[in-house]
Structure formats: structure tokens, C-alpha cells
Amino acid sequence: MTLVAIVGRPNVGKSTLFNRISRKTSALVDDFPGVTRDRNYAQITWEGKSFAFVDTGGYVSTDSSFIEKQAREQVLLALEEADIILFVADAKTGLHPEDTLLVDILRRTSKPIFYAVNKIDGPEQTRHLAEFYELGIDRLYPISSAHGFGIGELMTDLAELI
Ligand code: GDP
Ligand code: MG
């Protein structure tokens, strides 16, 4: 089964996205082969394709606390087992140096990466998108995990890779 890892800084909306996706068509998976128990998995069917998502804790590059260090290790493990990476950033905070650091790490995996900018709740927020192109990407997915905007398009493009 193809596994998509949702990764990003803390509070960008990864879990909100995960919950929205898994509410749509999926079952929560507690017995995914090779999984570590303290990550959240959901199996999805989208346009006839079956795949799974894993939610991860927020990635921070500076291990200033035990929790942060643990979350960081979990992210690295999730990246190892993933087939596709779904990077999530936050339009409200804008492009953050930690986004750039994380994207560098993601690119070293040579796995396909989808870049989503979350919290695009309305037309007013789309002006925040431009700065994310500094990451050197040609396709950005503006989404609102809270309201559902853009999720269908993202899912359809993910499913196409499977
Ligand atoms: P995580 O740490 O990346 O898993 O982030 P969470 O999913 O816990 O969300 C962090 C905060 O962002 C919460 O207060 C969410 O309600 C909020 N949030 C998540 N998605 C959106 C969104 O699309 N729009 C807005 N305005 N807030 C959001
Ligand atoms: Mg979370």
C-alpha cells in the first residue's frame, strides 16, 4: 500500500488535514505493516485508488526539548517508510526558515513531494502564496484544512501517482 507522510512545522494544520482526509472515505488503521504505534495512520480510497496517510508531530530542527526531539525522530522514521511526502506550510505565518530547512531534508529522500499551503480560508489569503515559491517549486496546493478548500484537487493529484 502506498503511504503518504504528512510533514511540516508544528501548528501548520497537519492533524486538521489528516482528520479531514480520514473523515472522507477512510478507516483508521492500527495494524499497518511495519508501523510504529505512536503515529496515526488512515487508509483512504480516492477515485478508486487505495492509499494510506500518516500524520506526524511537528518538525523542529533544534531539539530544545525531549518532546521536540521525539517528534523529530518520528518524522524521520515516517519519511523513511513513506512513498510520497506531503509537505504542509502555513499561509498565516508565511514562509518560515524552518520550512526551508525541512524541505531540504525532504528533497534528500528523492521521494515525490507535494507542497500544500494551508489556511487559505478565502480569496484574501491567496496573496500569501507567492513567497512559498521561494522554495523552488512549480506546483503549490493552496488548501484550507479547516474548510475543505483545495483538498479534492490535492487528493486527485496524489491518487494519480499511485
Ligand atoms: P499541526 O500541529 O500541524 O498538526 O496543526 P493542527 O492541525 O493541530 O492545527 C493547528 C492550529 O491551526 C489549530 O488551531 C487549527 O484549528 C488551525 N488550523 C488548521 N487548519 C486550518 C485552516 O485551514 N485554516 C485556519 N484558519 N486554521 C487552521
Ligand atoms: Mg498535529
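- Where an unreviewed UniProt entry is consulted, the protein chain appears under the name GTPase Der, with the organism given as Desulforhabdus amnigena.

### With respect to the overall build of the protein chain
- Helix and strand content of the protein chain: 4 helices and 7 strands.
- In sequence order, the protein chain lays out its α and β elements as β-α-β-β-β-α-β-α-β-β-α.
- Relative to the globule expectation of 15 Å for 162 residues, the C-alpha radius of gyration of the protein chain, 15 Å, shows essentially globular dimensions.
- Looking at the protein chain as a whole, 33% of its 162 residues are labelled buried.
- Pairs at least 24 residues apart make up 65% of the contacts formed inside the protein chain by residues separated by at least 6 positions.

### Here we look at the environment of A146
- Note that A146 resides in the loop between β7 (141–142) and α4 (151–160).
- Residue classification places A146 among the partly exposed residues on the basis of 13 C-beta atoms within 10 Å.
- Spatially, the C-alpha atom of A146 lies 23 Å from that of L3, the residues being 143 residues apart in sequence.
- With near-sequence residues (within four places) excluded, A146 lies in contact with T16 and D121.

### What to know about helix α3 (residues 97–107)
- What α3 keeps buried is the set D99, L102, V103 and L106. An end-on view of α3 places all buried positions within 105° of arc, on one side of the element. Along α3, exposed side chains directed more than 90 degrees from the buried face belong to P97, T100 and D104.
- The elements touched by buried residues of α3 are β1 (2–7), β5 (84–90) and β6 (113–118).

Rules used in this analysis
Residues numbered from 1 in each chain as written. Chains lettered and ligands numbered in written order. Predicted model: local features only at pLDDT ≥ 70, side-chain atom pairs only at ≥ 80, totals over all residues. Helix = DSSP H or I, 4+ residues; strand = E, 2+ residues; numbered from the N terminus. Rg over C-alpha atoms; globule rule 2.2 N^0.38 Å. Buried ≥ 20, exposed ≤ 12 C-beta atoms within 10 Å, placed from the backbone. Contact = placed C-beta atoms within 7 Å. Arc of directions from axis to C-beta.

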